[in-house]
Amino acid sequence: MRVNRFYRQVWQINREVTKLRDKDALVKKYKFLPHGDSRGMLVAIEENREIPFDIKRVYYIYNTNDNIARGFHAHRQLQQMLICVHGSCKVVLDDGYNRETVLLNDPSEGLYIANDIWREMYDFSTDAVLLVLASELYDEADYIRNYDDFRKMISEKYYGEY
Ligand code: T46
């Protein structure tokens, strides 16, 4: 009985530590080196150097209408780097327990989004161009588009509960 209680306490502490670690890791901003001279600025990014994965796909979002929000999904495998190369937008990141909002308005800055993170993008400026570098080819089966399904998956995968 006492042993069980001891293990339950250890499990509870581990669980809290895991949650804290996840919260610390939720927002991962990368700062790229801008090469500037009298002609202007240039940022160079290479896979497995500035970007922590092989880049298999590139896409960009632009001409976004006022008051629109995009995303509302997580990915099972996909890792991405979001760079707002012009204008600004906000990104909500959610790991199933913690939620944070990040402003992207600097073309020398990237927001890394690991797999198993819910994202929502909104507040696009009319001139926003959001460049996305992706670790996988497009695959609809990699998307989790229902928030309750996402929470259930996170609970089972990382916390062994639901
Ligand atoms: C993500 C956020 C940041 C393709 O055909 N190929 C592609 O590579 C992509 C990304 C999209 N599409 C098609 C699928 C839809 O018919 O383009 C259309 C719009 O895609 P979606 O509604 O998924 O766009 P967002 O802005 O909601 O999400 C996108 C990415 O899909 C997603 O992976 O993390 O940007």
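See the structure printed just above.
Below you will find a few notes about this structure. (Residues numbered from 1 in each chain as written. Predicted model: local features only at pLDDT ≥ 70, side-chain atom pairs only at ≥ 80, totals over all residues.)

## Here's the deal with the overall build of the protein
What counts here: For the purposes of this entry, the term helix denotes a DSSP run of H or I that reaches at least four residues, the term strand denotes a run of E that reaches at least two, and both are numbered from the N terminus. Here a residue counts as buried when 20 or more other C-beta atoms sit within 10 Å of its C-beta, as exposed when there are 12 or fewer, and as partly exposed otherwise, the C-beta atoms being derived from the backbone. We call two residues in contact when the distance between their C-beta atoms, placed using the backbone, is within 7 Å.
When its secondary structure is counted, the protein shows 2 helices and 12 strands. Beginning at the N terminus, the succession of helices and strands in the protein can be written as α-β-β-β-β-β-β-β-β-β-β-β-β-α. Sorting the 162 residues of the protein into buried and exposed places 19% on the buried side. A separation threshold of at least 6 residues defines the contact pool for the protein, and within that pool the share at least 24 residues apart is 75%.

## A closer look at the nonpolar core
Note the threshold: By convention the nonpolar core is taken to be a set of buried residues drawn from Ala, Val, Leu, Ile, Met, Phe, Trp, Tyr and Cys and joined through C-beta atoms within 7 Å.
Membership of the largest hydrophobic core comes to 23 residues, with the highest contact counts inside it found for Leu82, Cys84, Cys89, Val91, Leu104 and Leu130. Only strand S6 (80-86), strand S7 (89-94), strand S9 (109-113), strand S10 (118-122), strand S11 (129-134) and helix H2 (147-159) provide two or more residues apiece to this core. Among the elements that line this core, the one with the most residues is S6, at 4 residues. Sequence-distant contacts of Cys89, that is, excluding residues within four places in its chain, are made with Cys84, Leu104, Met121, Asp123, Phe124, Ala128 and Leu130.

## Thoughts on the site of the ligand
Note the following rule: A residue counts as near a molecule or strand when its C-beta atom, positioned from the backbone, falls within 6 Å of it. Each residue receives one of three labels: charged for Asp, Glu, Lys and Arg, nonpolar for Ala, Val, Leu, Ile, Met, Phe, Trp, Tyr, Cys and Pro, and polar for the others, Gly being one of them.
The full set of residues close to the ligand is Arg57, Tyr59, Ile61, Arg70, Gly71, Gln80, Arg119, Val132 and Tyr138. Elements represented by at least two residues in the shell around the ligand include exactly strand S4 (57-61) and strand S5 (70-75). Tallying contributions element by element places S4 first for the shell around the ligand, with 3 residues. Grouping the amino acids of the shell around the ligand by side-chain chemistry returns 4 nonpolar, 2 polar and 3 charged.

## Overview of H2
In plain terms, the rule: One less than the residue count of a helix, multiplied by 1.5 Å, gives the span that helix is expected to have.
When the terminal C-alpha atoms of H2 are compared, their 17 Å separation across 13 residues agrees well with the 18 Å that a helix rising 1.5 Å per residue should span. Gly160, located one to two residues past H2, shows a positive phi value of around 60 degrees.

## What about unusual backbone geometry?
Most peptide bonds adopt trans geometry, and most residues besides glycine take a negative phi value. The backbone of Asn48 shows a phi angle near 60 degrees, a positive value even though the residue is not glycine. The residue Asn67 is not glycine, and still its phi comes out positive at about 60 degrees. On the neighbour-count criterion, Asn67 (8 C-beta atoms within 10 Å) is exposed.

## Focus on the sheet that holds S10
To keep things clear, this is the line we draw: Strand pairing is assigned whenever DSSP identifies at least 2 bridges connecting the two strands.
Spatially, 5 strands are ordered S8-S7-S10-S5-S12 in an open sheet, and the strand pairing comes out antiparallel. What marks the edges here is a single partner per strand, and that holds for strand S8 (99-104) and strand S12 (143-144). Across 6 bridges, S7 lies against S8 in antiparallel orientation. Among the inter-strand pairings, Cys89 is bridged to a residue of S8, identified as Leu104.

## Structural notes on the pairing of S11
Regular strands show a simple pattern: their side chains alternate between the two faces of the sheet. As judged from the 5 bridges shared by S4 and S11, these two strands associate in the antiparallel manner. Note on S11: the bridge partner recorded for Val58 is Leu133. The sheet contact formed by S6 and S11 spans 6 bridges and is antiparallel. Residue pairing across strands places Met81 opposite Leu133, the latter belonging to S11.

## Digging into the sheet that holds S4
In sheet architecture, strand pairing relies on hydrogen bonds along the backbone and comes in two forms, parallel and antiparallel. So the rule is basically this: Axes here mean lines fitted to C-alpha atoms, for a helix over just the part in contact, with angles spanning 0 to 180 degrees between N-to-C directions.
One open sheet holds the 5 strands; their spatial order is S1-S9-S6-S11-S4, and the pairing between them is antiparallel. A single partner strand is all that each edge strand has here, and the edge strands are strand S1 (28-31) and S4. Pairwise comparison of adjacent strand axes, ignoring direction, gives a mean angle of 25 degrees for this sheet.

## As for the environment of Pro107
Tracing the sequence through the fold places Pro107 in the loop between S8 and S9. For Pro107, the residues in contact, after removing those within four places along its chain, are Val43, Ile83, Cys84, Val85 and His86.

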